[in-house]
Amino acid sequence: MPLPAHRQLAAILFTDMAGYTALMAKDETLAARLRSRHREVLRSCHEDHQGQILQYFGDGTLSLFQSAVQAVQCAIDMQLAFKKEPIVPLRIGIHSGEAVWDKEGIYGSAVNIASRLESFAEIGSILVSRKIREELSNHSNFTFQSLGLFELKNVPQPREVFAVANDGIVVPIEKELKGKGKKFSEASIPPSAQTKTLSSFSKSIAVLPFANMSSNPEQEYFCEGIADEIITDLTGLNGVTVISRNSSAQLKGTSLSGLEIGRKLGVRYLLTGGVRRAGQRLRITAQLIDASIDQQLWAKKFDGTLEDVFDLQEKISRQIVQALDLKLSKKEENQLIERPFDNLQAYDAYLHAHREIMKLNDTSLSRAGQLIDNALEMIGPNSLLLATKGHIHLRYIMLGIKPDRSHLEEAEKCLHQLTILTPDSLDQHLLRGMIRYRQADIQGATNDFKKILLFDSNNRDALLYLSLMYILAGHGKEATHWAQQLITIDPLTPLNYCIPGYVKASQGMFEEAIPHYRKMYDMDPDNPFVIWTYALMAARFLARKEIIPVLAKLEPYENMLTFGRHGRFLRLALEGQHELAFEASANEQLQKEARWDEHASWWMASAYALINKKELALDWLENAIRLGYRNYPFFSIHDPFLENIRVEARFKKLMEKTRRDWESFEV
């Protein structure tokens, strides 16, 4: 009678030493030495992470772990160890599923997938399946990069492959990958099999701005608002990735195909449509597209009156939920049913205000504030209106338009009303987090942003500001996962690409940081904020002759924007024109703007240190720290521009206090 097979749900890890057979033929002694080191490190790391080695294959192994966390951390530890002499050229693949084994061997589809992933890996890399990536989505100490979809040998459906991208781990170049299978091409699947085959892909969607089908061009705000509300409906649902409106809006009116848009945004599904508003009549047309094959899944018309606008939005959202086969919790059902307004005039005012806010200037913010106040007068306290009003006041400060205490106090009043109305809501946590940030309560702000992401991992603002809080607190590594998630949901916003660079730079890894800043700069080289952000960090690593021409691009903005004023100060300091730099720093507007902002205060401190104005540099650095920038490792060790003030007794005393804040911060 045959012995029963063993079955176990596990994270399955394959390793293989590249070029081992050829090395054996060339140098048996070295090959044996590397094989011995391979097994020694393998056993040690598996013991550390409770892994079970099931089988050796000469130069390779197969092992199981109880969790994806243990498997991936073990793989990272092994690859880092194998970078030391004698270097072991190891490739690793990891998948999660059921492993089956008996005295004849180990088998199962999950085992096959792990093996195929390993075959595509390069020396020093770790490739994992989407299943592993999703199991680790809430573990910020792991970073991943998608390499695209692959058809793996003897695996029936295309699989998305990810590379572990933690520090020290090799990330393969997608187009150079070779293994047991091939890069997925939609052309390789027969049309009759496409729908069934593609149903296993990740559930990700972008809602593009709805076209204005009315004769009145002023209805643009209303059409955009409907698309935004559908994004809001979908964003909080578990199991689906929703592209931020920031990126979706950039493709308004595009002539790109669905396939091209899907690739550009990194999504499977697209929702497009149009709105016709004639008097009280309303027609919304919408179509859902499978971007991976550029095929329309459905197209529908939704007719009603303005009074029905929320019902129509809900119907569209439910059609998407059904198409993506999402299972909604009771809370998510309520989210779709919930109506932010029961007054159309108030809703109309809110949509107008939202569009004004996006213009980012004093006049438009003033108009937006008045529209929100009008809506509040119509319907009384409303959580969405109060949150919006609070954020309008904060924008005056954060954009440097009117950085004074009065706007912070008004935002605090909105928060007080919001807390009474909807305590513990995501709107409340976001507004409170932003207020705490402006109050220099970085710990409190971090806690608020983390709480938002527990319930809504697609929240762009929470992702951005949580990453920033970790950097300000001196714990940039904790931001790695969130910075990558920010790019995933908002891939077309250039600023987002500097965040992982800022994470690296905050840890002193400027060489690794620069490519991230360069990507941001290449995406939008004429944007003054992008120019300044790139030049600011690149100047700390690249030759000054490379950076000064970049800073010179800000000259037209020296009398208009804070980035232009800071750019002139830094450029003159780097050129060695100390007197002119000092004169530029005395600009009244520059001083006023910097006094309220922790980053601008750091910029001032850096430039003053470069021109050897040590006391002024220390004044501004102290102000940056007072405003919440308490990155002790960056200030005390890494920032090269602060080098000449580190010997000062005042600096050492300031760093001692900063160190205590850094050590007491709870990540």
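For the structure itself, look to the data block above.
Summary of the structure given here. As the structure is a prediction and not an experimental result, all values here were calculated from the model.

### Here's the deal with unusual backbone geometry
Both trends apply: most residues other than glycine have a negative phi, and most peptide bonds are in trans. Phi at Asp 325 takes a positive value of approximately 55°, unusual for a residue other than glycine. As for its position among the elements, Asp 325 is in the loop between helix H10 (309-323) and helix H11 (330-337). The exposure class assigned to Asp 325 is partly exposed, which follows from its relative accessible area of 46%. Within the chain, Asp 424 stands out as a residue other than glycine whose phi angle is a positive 65°. Tracing the chain through its elements places Asp 424 in the loop between helix H15 (405-421) and helix H16 (426-438). Accessibility expressed as a relative area gives 48% for Asp 424, which makes it partly exposed.

### Quick look at the pairing of strand S14 (residues 281-290)
Inspection of the sheet shows strand S13 (residues 269-278) paired to S14 by ten bridges, in the antiparallel sense. Within the sheet, the bridge partner assigned to Tyr 269 lies in S14 and is Asp 290. Count of turn residues in the S13/S14 antiparallel hairpin: two residues, of which Gly 279 carries a positive phi of about 60°. The pairing of S14 with strand S15 (residues 295-305) spans ten bridges and is antiparallel. Looking at the pairing, Leu 282 lines up with Gly 304 of S15. Adjacent in sequence and paired antiparallel, S14 and S15 are bridged by four residues, among which Asp 294 carries a positive phi angle near 50°.

### So, the environment of Lys 180
With respect to the helices, strands and loops of the structure, Lys 180 is situated in the loop between strand S8 (159-164) and strand S9 (181-183). Each C-alpha atom, one on Lys 180 and one on Ser 115, is 9.0 Å from the other, the two residues being 65 residues apart in sequence. When sequence neighbours within four positions are dropped, the list of residues in contact with Lys 180 reads Arg 116, Ser 119, Phe 120, Leu 152 and Lys 153.

### Overview of a nonpolar patch on the surface
A cluster of nonpolar side chains, contributed by Leu 426, Leu 454 and Phe 455, occupies part of the molecular surface with about 310 Å² of accessible area. Among the structural elements, Leu 426 can be located in helix H16. Classification of Leu 426 by relative accessible area gives partly exposed; the value is 31%.

### A look at the nonpolar core
In terms of nonpolar packing, the biggest core is built from 97 residues, with Phe 449, Trp 602, Leu 621 and Phe 635 touching the most fellow members. Discounting residues that sit within four places of it in the chain, Phe 635 has contacts with Trp 602, Leu 621, Ile 625, Tyr 629, Leu 642, Arg 646, Phe 651 and Met 655. Core analysis: the second largest hydrophobic core is formed by 51 residues, Val 309, Phe 310, Leu 312 and Ala 353 among them.

### Description of the pairing of S8
Burial of S8 is extensive: five of the six residues sit out of reach of the surface. Note that strand S6 (residues 126-129) and S8 share three bridges and pair antiparallel. Opposite Leu 127, over in S8, you have Ala 163 as the bridge partner. Here strand S7 (residues 144-152) pairs with S8 via six bridges, running antiparallel. Note that in S8 the partner of Ser 146 across the bridge is Phe 162.

### Section: the pattern of salt bridges
Tallied over the entire structure, the rule returns 45 salt bridges. A salt bridge links Arg 277 to Asp 348, with the nearest nitrogen and oxygen atoms 3.6 Å apart. Linking Arg 277 in strand S13 with Asp 348 in helix H12 (residues 344-357), this pair joins segments that are 71 residues apart in sequence. You can call Arg 277 partly exposed: its relative accessible area is 21%. Between Glu 575 and Arg 571 there is a salt bridge, and its shortest N-O distance comes to 3.8 Å. Here Arg 571 falls in the buried class, since its relative accessible area comes to 8%. Shared partners join several salt bridges into a network, and the residues in it are Glu 555, Glu 558, Arg 568, Arg 571 and Glu 575.

### A look at the side chain of Thr 446
Within the element layout of this structure, Thr 446 appears in helix H17 (residues 442-455). Under the relative-accessibility criterion, Thr 446 is labelled buried at 0%. Setting aside residues no more than four positions away along its own chain, Thr 446 makes contact with Leu 466, Met 469, Tyr 470 and Phe 665.

### Considering the packing of helix H14 (residues 383-398) against H15
Running from N to C, H14 and H15 point in directions that differ by 160°, and their axes come no closer than 8 Å. By the criterion of interaxial angle, the relationship of H14 to H15 is roughly antiparallel. Where H14 crosses over H15, the handedness of that crossing is left-handed. Packed against H14, whose contacting residues are Ser 383, Leu 386, Ala 387, Lys 389, Gly 390, His 393, Leu 394, Tyr 396 and Ile 397, the element H15 presents His 407, Leu 408, Glu 410, Ala 411, Cys 414, Gln 417, Leu 418 and Leu 421 at the interface. When grouped by side-chain class, the residues that make up the contact of H14 with H15 number ten nonpolar, five polar and two charged.

Each value, and the rule that gives it
- Here, residues in each chain are numbered from 1, in the same order as that chain's written sequence.
- Owing to the predicted nature of the model, reporting of local features is limited to residues with pLDDT of at least 70; listing and counting of side-chain atom pairs is limited to 80 or more, with chain, interface and lining totals taken over all residues.
- Side-chain descriptors were evaluated using all non-hydrogen atoms of the structure, hydrogens and water having been removed beforehand.
- Under the DSSP-based scheme used, a helix requires at least four consecutive residues in state H or I and a strand at least two consecutive residues in state E, with every element numbered from the N terminus.
- The buried label applies to any residue whose accessible area, calculated with a 1.4 Å probe on protein chains only, is under 20% of its type's maximum; exposed applies above 50%, and partly exposed to all values in between.
- In this scheme, strands are said to pair when DSSP sees at least two bridges between them.
- Contacts were defined at the residue level, with two residues in contact if any of their heavy atoms lie within 4.5 Å.
- Note that patches include only residues with greater than 30% relative accessible area and no salt bridge, and the join distances are 9 Å for like charges and 5 Å for nonpolar side chains (Val, Leu, Ile, Met, Phe, Trp, Tyr).
- Shrake-Rupley sampling with a 1.4 Å probe provides the accessible areas, and residues are treated as covered by the protein chains on show and by no other component.
- Salt bridge, as used here, is a side-chain nitrogen of Lys or Arg placed within 4 Å of a carboxyl oxygen of Asp or Glu.
- Nonpolar cores were defined as sets of buried Ala, Val, Leu, Ile, Met, Phe, Trp, Tyr and Cys residues, with membership established by side-chain atoms within 4.5 Å.
- Only the stretch in contact is used when a helix axis is fitted, and all axes are lines through C-alpha atoms; the angle between N-to-C directions ranges over 0 to 180 degrees.
- For classification purposes, an angle smaller than 35 degrees is called roughly parallel, one larger than 145 roughly antiparallel, one from 65 to 115 roughly perpendicular, and anything else oblique.
- The hand of a helix crossing depends on one turn: near helix anticlockwise from the far one by less than a right angle means left-handed, and clockwise means right-handed.
- Residues are grouped as follows: Ala, Val, Leu, Ile, Met, Phe, Trp, Tyr, Cys and Pro are nonpolar; Asp, Glu, Lys and Arg are charged; all remaining types, including Gly, are polar.

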